[in-house]
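Understanding the architecture of this molecule
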Amino acid sequence: MCGIVGYVGVKQAAPILLEGLAKLEYRGYDSAGIAVRDAGNEHVEVVKAKGRLKNLMEMTDSGKAVRGTCGIGHTRWATHGEPSAVNAHPHYSREKRVVVVHNGIIENYQEIKAALQRKGYAFATQTDTEAAALLLDSYYSEAGRSGMAPRERALSAIRDMMIRVRGSYALGILFGDQPGVMYAARKDSPLIVGRCDGELAGHMIASDVPAVLSYTRNVVYIDNLEIACLTQEEMHLYNIDCEEIEKPVVEIRWDAAAAEKEGYEHFMMKEIHEQPRAVRDTLSPRIREEDGAKRVDLSETNLTDEDFAAISRIRLIGCGSAYHVGMAARYVIEQLARVPCDVDLASEFRYRSPILEERELVVIISQSGETADSLAALRLCKESGIRTLAVVNVVSSSIAREADAVMYTWAGPEISVATTKAYSTQLAALYLLAVKLAVVRGQIDEAREQELIEQMLELPDKIERVLSDKERVQWFANKMASCKDVFFIGRGLDYAISLEGSLKLKEISYIHSEAYAAGELKHGTISLIEDGVLVVGVATQPELFEKVVSNMVEVRSRGAYLFGLTTYGQYAIEDTVNFTVYVPRTDALFATSLAVVPLQLLAYYISCAKGLDVDKPRNLAKSVTVE
């Protein structure tokens, strides 16, 4: 996730761009850059810096050293290409004929890059965005030979680019021969246009409202496959067919802090709702078409098919929710790939003198990539000569740098302490690993491979469907906010889901909560059940459904109040439980991705009902960097 901002008007653009980027730095802070020009100046000045925005501010004397009243800016959360000044945005074509900032991922950038190289284009960066910039240049040059007027030429080029690329984007665009004009386009990534009046007269673009609040509260929300053409005086909006359209101006009434949450009361709820996009961003770039079929592509790990086939054991290591991801992934990997799989708490791993196998693969799971215990476990494995793979969110974090290979989850910055989208994206990354292992080891045939990939690609839409039913969870949470003890039970993958649901509840609501394998109830746990205790029974696995329901009957007969969580069609559960939430059907191995969402919502709404600080629970920090 990155942040983009643009301004065209009567004031100097650079200070406005830098202030806007400062409000968007939570979206990424690996590097930053601006491109600025005067209306009468043919030269577009581009300044870029690695690291935090302050580095760019120092280079430009807070923007005073870069003159011009039209410009675009970017703060980067690195996806394609390491954080560096070269890979920082803006990106541009030869002689800066086209200059672009981009938030999103161009999924087919490699094939676009290859086609452009055949036409003589040279690439200077490792990014996907440069492919979009040079593609625009190519189309713009072709349109120029037809004798089109400048605006029609630009719209034609942008339209053709939008048709050609696959992925998500919000783009800010400058054309070298159109001074005083700024273009923008959008697909899936957020983009707004603001109208500035008075002494700031002009227009702005931004990824999010905070970037414009200091200058205007009147904005237009650009929808998918729409284009904006902006000058100091005029705003023109177009659809993908380059037909001009009208859109309403919305007055923003939020304060700046609320606007950063995009209207959500808390970052946690915002991040819960970002899970469909985040899971899609994790999965889509790693699934490619080959000979008419879809394949999992993990070439980023530098592991060949022979390497994957030779793995003797998978060891998953993490802390907190990352450990719970490992617990769920173990069931998926072992069942699909038939590879022995161990799950370790990072904080315990070093202290039990683990026996490591030469051909095993150790997977370190971490949102921040800086978790001290996980980093220590990684280093121990490397000292023993064991191959390591990091599944992390933060680009160029310590774990990402030190592991032999890395799979970035591309969830974007996660601000709430209680993880939601990081959990979901880590899980999605490990689904990909499981399918890849199963294929290269000959454990599944092509039909099963295609079925699994299609089921994975459907998960984002199914998560959206789960979120559409959140009001029912809210009603139940308000009713149960005063409970003192909660137990989560499940079998198999449902036990792994229960672990994460219990952690979410206890860390933000401060209610005593425990998760148990349902088959262990009779071995002591059932003695804790009494009148009024809430028990959450998770039953998404068809072959274990009747057994879990039987366990629910046992606790209900001892006074428990039951919350049931299962898939659509399993309506027999209603004879046993007091309240039921259903999630869409998917392959049972992927049910965790759907079932965890109602449990996140349950924890969130109970915490809200208790009036607690959801985003910053007591005694907790986002990244645990000390042992």
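Located above this text is the structure these notes cover.
Residues numbered from 1 in each chain as written. Predicted model: local features only at pLDDT ≥ 70, side-chain atom pairs only at ≥ 80, totals over all residues. Heavy atoms only, no water.

Overview of the overall build of the protein chain
- What the protein chain contains, in helices and strands, is 19 helices and 27 strands.
- For the protein chain, the C-alpha atoms occupy an extent of roughly 80 × 55 × 45 Å along the three principal directions.
- When contacts within the protein chain are restricted to residue pairs at least 6 apart in sequence, those whose partners lie at least 24 apart make up 71%.
- Surface exposure of the protein chain reaches about 23400 Å², of which carbon and sulfur atoms provide 46%.
- In the protein chain, which carries 70 positive and 87 negative side-chain charges, the distance between the mean positions of the two groups comes to 1 Å. (Helix = DSSP H or I, 4+ residues; strand = E, 2+ residues; numbered from the N terminus. Contact = heavy atoms within 4.5 Å. Areas by Shrake-Rupley, 256 points an atom, 1.4 Å probe, with all protein chains shown as cover. Lys, Arg positive; Asp, Glu negative; His and termini not counted. Charge placed at Lys NZ, Arg CZ, Asp CG, Glu CD.)

What to know about the packing of aromatic side chains
- In the structure shown here, the tally under the stated rule is 12 aromatic pairs.
- A centroid spacing of 5.1 Å and a plane angle of 70 degrees characterise the contact between Tyr-571 and Tyr-582, whose relative ring orientation is edge-to-face. With Tyr-571 in the loop between β26 (561-567) and β27 (579-583) and Tyr-582 in strand β27, this pair connects stretches of sequence that are 11 residues apart.
- Relative to Tyr-605, the ring of Tyr-604 lies with its centre 5.3 Å away and its plane at 70 degrees, an arrangement referred to as edge-to-face. (Phe/Tyr/Trp six-rings, centres within 6.5 Å; stacked < 30°, edge-to-face > 60°.)

A look at empty space enclosed by the protein
- Throughout the structure, instances matching the rule amount to one cavity of 30 Å³ or more.
- Lining the largest cavity, in full, are Val-466, Asp-469, Lys-470, Val-473, Val-581, Tyr-582, Pro-598 and Leu-601.
- Mapped onto the lining of the largest cavity, the elements with two or more residues apiece are α16 (470-480), β27 and α19 (592-609). (1 Å grid on protein atoms, 1.4 Å probe; cavity = no way out; pocket = protein on both sides within 12 Å on 5 of 7 lines; lining within 4 Å. Points joined across faces, edges and corners; volume = space filled by probe spheres on them.)

A few points about the pattern of salt bridges
- Tallied over the full model, the rule gives 39 salt bridges.
- A salt bridge links Arg-315 to Asp-344, with the shortest nitrogen-to-oxygen separation between them at 3.4 Å. Here Arg-315, found in strand β18 (residues 314-318), pairs with Asp-344, found in strand β19 (residues 341-345); they are 29 residues apart in sequence, far enough to count as distant. Each member of the pair, Arg-315 as well as Asp-344, is classed as buried.
- Taken together, the shared-partner salt bridges in this structure form one network comprising Arg-313, Arg-315, Asp-342, Asp-344, Arg-352, Glu-357 and Glu-360. (Salt bridge = Lys/Arg side-chain N within 4 Å of Asp/Glu carboxyl O. Buried < 20%, exposed > 50% of the residue type's maximum accessible area, 1.4 Å probe, protein only.)

A short note on the side chain of Ser-416
- Turning to its location among the elements, Ser-416 is positioned in the loop between β22 (405-408) and α14 (421-440).
- For Ser-416, a relative accessible area of 0% translates into the label buried.
- Within polar-contact distance, the side chain of Ser-416 engages the side chain of Asp-615 at 3.3 Å. (Polar contact = N/O pair within 3.5 Å; in protein donor to acceptor, adjacent residues only side chain to side chain.)

Let's talk about the environment of Ile-158
- Along the chain, the position of Ile-158 falls in helix α5 (residues 150-164).
- C-alpha separation for the pair Ile-158 and Thr-127, spaced 31 residues apart in sequence, amounts to 19 Å.
- With residues up to four places along the chain from it excluded, the contact list for Ile-158 reads Leu-136, Ile-173, Phe-175, Tyr-183, Ala-185 and Ile-227.

Quick look at the packing of helix α3 (residues 109-118) against helix α4 (residues 129-144)
- Interhelical geometry of α3 versus α4 gives an angle of 45 degrees and a closest axis separation of 9 Å. Judged by the angle between their axes, α3 and α4 are oblique. As α3 packs across α4, the resulting crossing turns out to be left-handed. Contact residues: Tyr-109, Ile-112 and Leu-116 in α3; Ala-131, Leu-134, Leu-135 and Ser-138 in α4.
- Here the contact of α3 with α4 is built from residues that sort into six nonpolar, one polar and no charged. (Axes fitted to C-alpha atoms, helices over the stretch in contact; angles between N-to-C directions. Parallel < 35°, antiparallel > 145°, perpendicular 65-115°, else oblique. Left-handed = near helix turned anticlockwise from the far one by under 90°. Nonpolar A, V, L, I, M, F, W, Y, C, P; charged D, E, K, R; others polar.)

Overview of the sheet that holds strand β11 (residues 218-221)
- The strand order β3-β2-β4-β1-β10-β9-β11-β15 describes an open sheet built from eight strands, whose pairing is antiparallel. With one partner strand each, in any of the chains shown, β3 (45-50) and β15 (250-251) form the two edges of the open sheet.
- Against the sheet, helix α1 (residues 13-24) makes contact with β1 (3-9), β2 (31-37), β4 (70-76) and β10 (202-206), and its axis sits at roughly 155 degrees relative to β1, the strand it touches most. (Pairing = 2+ DSSP bridges.)

Overview of the environment of Thr-388
- Mapped onto the elements, Thr-388 comes out in strand β21 (residues 387-392).
- Taking the relative accessible area as the measure of exposure, Thr-388 reaches 1% and is therefore buried.
- Along the sequence, Thr-388 and Ala-405 sit 17 residues apart, while their C-alpha atoms lie 6.6 Å from each other.
- Beyond its immediate stretch of four places on either side in the chain, Thr-388 contacts Leu-361, Val-362, Leu-378, Cys-381, Lys-382, Ala-403, Asp-404 and Ala-405.

Side note on unusual backbone geometry
- Pro-90 follows His-89 through a cis peptide bond whose omega is 5 degrees.
- Mapped onto the secondary structure, Pro-90 falls in the loop between β4 and β5 (91-92).
- Positive phi outside glycine occurs at Glu-95, with the angle close to 55 degrees.
- With respect to the secondary-structure elements, Glu-95 resides in the loop between β5 and β6 (98-106).
- Taking the relative accessible area as the measure of exposure, Glu-95 reaches 75% and is therefore exposed.

Remarks on the sheet that holds β26
- Taken together, the five strands give an open sheet; going across it, the order is β24-β23-β25-β26-β27, and neighbouring strands pair in parallel fashion. One side of each edge strand has no neighbouring strand; the edge strands of this open sheet are β24 (512-517) and β27. Each strand of the sheet is rotated relative to its neighbour by a mean of 15 degrees, with strand direction disregarded.
- Across five bridges, β26 lies against β27 in parallel orientation. Counterpart to Phe-563 in the pairing with β27 is Phe-579.

Description of the layout of surface pockets
- Approximately 1200 Å³ is the volume found for the largest pocket.
- Looking at the largest pocket, it is lined by 36 residues, and the ones nearest its centre are His-80, Tyr-109, Gln-110, Pro-285 and Trp-410.
- If you list the elements that add at least two residues to the lining of the largest pocket, you get α3, β16 (287-290), α13 (398-402) and β22.
- Looking at which element gives the most residues to the lining of the largest pocket, the answer is α3, with four residues.
- The space that makes up the second largest pocket amounts to roughly 780 Å³.
- Surrounding the second largest pocket, 40 residues form its lining, Asp-188, Ser-189, Pro-190, Glu-262 and Arg-277 being those nearest its centre.
- Elements supplying a minimum of two residues to the lining of the second largest pocket: β6, α7 (267-273), α8 (275-283) and α15 (446-467).
- Residue classes in the lining of the second largest pocket are distributed as 15 nonpolar, 12 polar and 13 charged.

Just distances and angles here, no functional claims.
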